[in-house]
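The residues making up each chain are set out below.
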Amino acid sequence: MHIHGLKAALNGYGRYRYKAPDSVVDHLIVGGGVVGLAVARAFALRYPDKTTYLVERNGSAGEETSSRGSEVIHAGLYYPPNSLKEMFCVRGRHLLYQYCDASSVPYRKTGKLVVAHEHQRAYIESLHKKAVSLKWPVPPLSVYAEDRQPVGPALPTELISGSKARELEPDLSPEIAAALFSPETGIIDSHTYMESLERDIIESENGELVYSTAVVRVDPYDRSRLASGVPDVHAKEDGWVVQTVTRGAEGVSTGESDALLARTLINASGLSGHLILNSLVPRDLRIPMYYARGSYAAYNGPGIGRVSRLLYPCPDTGKTSSHAFQSLGTHLTLDMSGNVRFGPDIQWISPTRTSDSEAEPTPVQHSREDGEVFLYDEKDIDFWKQHLVPDDSQLAAMYEAVKTYLPNIEASKFRPDYVGIRPKLVPPWGGFQDFVFRRDYSGQYLGSASREVDKGGLMISLLGIESPGLTSNLAIAEKVVSMFEGAS
């Protein structure tokens, strides 16, 4: 199967025309996943006299990515030194455990074993070496009242023998030669956590959550166009005109679009994160998004009766100490009720190539760099939803992967559980891709050389926020606030 990047844009067919805003908000966050909620909470609490709205196209929080992950609080083992993923995972873990304690969100530090066969020993040794050298990241600023100075190693780990690993987890294969123990890894009730973030926003002075409301068009605000019903003091400010449409229970629009002026716009829309930017930049500068499907299998059978920790195999690294950045292998996780599940695996999915259309005369285009095919059709934006239905197509492969470290499991006891989709900024052959935080200003897109393009009208786009996004969410919010304050 060929993998195609999707370079579609918001309002690609031009259905929604420009509309003058009739209201103003100080901070508008687009996207109600765990990261969008954390960002909205940080802004609502740090700037109580300013309005902070979050808009989410689905009827409740976290319906797309945040509720379809493994609910693991990662320690930070796998990411390259000094990468944003590493720094935010370590910082975010610290903040998340503090938040859960302060807000009574259920979690458990289960610990994790990364298990290795003899030929994989070098891999876990390299992880341990990196962990030992890691220092606590210093945040640009601290925005949380519950934040306390961390103590102890930033990433404690212990290399143990295969026999010691089997003392801890007797169901492990006798072929396991060594393991890396990570005591800081844990699990969290992500739904209760998101509900707690929602409650913090709602109980703030000027925070508001708006669900079943989709952003359908974004324009840089031109001060020369006075906003209808908005005082001049507001209308003369820079910002972004954001049009939204409220959808009913069946996902159908309930009326015409509404337009508001957002002084600051935070794009945290996950799987749709590139669409707003693609509607603003020239076609040849559009950002492609790739999509990885991860299936989870529930398991209730022999071979795992004494498991109490998370179990991760070494990724398929070609029997070297290098890292497989796209997938960590099919691992065993637990939920807060003690249920066992395996996954996720990884399957790359793409929209189906479409024929030319009147609105998009060239929906398929080859990259000049390497011949890669990109798709541009707006109708493909939500193609990934058809891949959310769990099935048994991956169960045999998952069984084969898991039995390499848990040999007494039975294939017949695997059953499809759920599926998640991960937003990827690079294709399977693209190697490591860090989180991306992009800063844009409305003046950049108004076509006037006399305008100051680095003042006001700030938009911060969060791109490629996949794992460890849940663990990192509070650190990501801290980063966004620091970007905002550095810009204002």
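Values in this document were obtained by computation on a predicted structure and should not be read as measured data. (Residues numbered from 1 in each chain as written. Predicted model: local features only at pLDDT ≥ 70, side-chain atom pairs only at ≥ 80, totals over all residues. Heavy atoms only, no water.)

## Things to note about the sheet that holds strand β5 (residues 107-108)
Moving on, step 1. Read across the open sheet, the 3 strands follow the order β4-β9-β5; overall the sheet is antiparallel. Of all strands in the sheet, those bounded by a partner on one side alone are β4 (72-73) and β5. (Pairing = 2+ DSSP bridges. Helix = DSSP H or I, 4+ residues; strand = E, 2+ residues; numbered from the N terminus.)

## A look at the environment of Asn11
Moving on, step 1. Tracing the backbone shows Asn11 in the loop between β1 (5-6) and β2 (24-30).
Moving on, step 2. Among the residues examined, Asn11 registers a relative accessible area of 12% and is labelled buried.
Moving on, step 3. Here the alpha-carbon distance between Asn11 and Leu275, two residues 264 residues apart in the chain, equals 8.7 Å.
Moving on, step 4. Once residues within four sequence positions are removed from consideration, Asn11 is found in contact with Tyr16, Val216, Arg217 and Glu378.
Moving on, step 5. A polar contact is formed between the side chain of Asn11 and the backbone nitrogen of Arg15, at a distance of 3.1 Å. (Buried < 20%, exposed > 50% of the residue type's maximum accessible area, 1.4 Å probe, protein only. Contact = heavy atoms within 4.5 Å. Polar contact = N/O pair within 3.5 Å; in protein donor to acceptor, adjacent residues only side chain to side chain.)

## A look at the pairing of β2
Remember that side chains alternate between the two faces of the sheet whenever the strand is regular.
Moving on, step 1. Burial analysis of β2 places 6 of its 7 residues in the buried class, which makes it a mostly covered element.
Moving on, step 2. Bridge count for β2 against strand β13 (residues 258-267) is 6 bridges, and the pairing is parallel. Directly across from Val30, in β13, lies its bridge partner Asn267.
Moving on, step 3. Strand direction decides the pairing type here: β2 and strand β3 (residues 52-55), joined by 4 bridges, are parallel. Within β3, the position partnered with His27 by the bridge is Thr52.
Moving on, step 4. Note that the unit made of β2, helix α1 (residues 34-46) and β3 has a crossover that is right-handed. (Right-handed = clockwise from strand over helix to strand, strands pointing away.)

## Here's the deal with the packing of helix α2 (residues 84-103) against helix α5 (residues 190-202)
Packed helices, taken two at a time, are described by their axes: the angle between them and the distance between them.
Moving on, step 1. Running from N to C, α2 and α5 cross one another at 75 degrees; their axes reach a closest spacing of 11 Å. The angle between α2 and α5 places the two elements in the roughly perpendicular class. Across the interface between the two elements, Leu96, Tyr99 and Ser103 from α2 touch Tyr193, Ser196, Leu197 and Asp200 from α5.
Moving on, step 2. Looking at the contact of α2 with α5, its residues break down into 4 nonpolar, 2 polar and 1 charged. (Axes fitted to C-alpha atoms, helices over the stretch in contact; angles between N-to-C directions. Parallel < 35°, antiparallel > 145°, perpendicular 65-115°, else oblique. Nonpolar A, V, L, I, M, F, W, Y, C, P; charged D, E, K, R; others polar.)

## Regarding the pairing of strand β12 (residues 240-246)
Moving on, step 1. Taken across its 7 residues, β12 has 6 buried, putting it largely inside the fold.
Moving on, step 2. Strand direction decides the pairing type here: β12 and β13, joined by 5 bridges, are antiparallel. By the bridge assignment, Val241 is partnered in β13 with Leu261.

## Overview of the packing of α1 against α5
Moving on, step 1. Close contact between α1 and α5 brings their axes to 9 Å; oriented N to C, the two are set at 30 degrees. Taken together, α1 and α5 sit at an angle that is classed as roughly parallel. Crossing of α1 over α5 shows left-handed handedness. Contacts from Val34, Leu37, Ala38, Ala40, Arg41 and Leu45 of α1 reach α5 at Tyr193, Met194, Leu197, Glu198, Asp200 and Ile201.
Moving on, step 2. Across the contact of α1 with α5, the residue classes tally to 9 nonpolar, no polar and 3 charged. (Left-handed = near helix turned anticlockwise from the far one by under 90°.)

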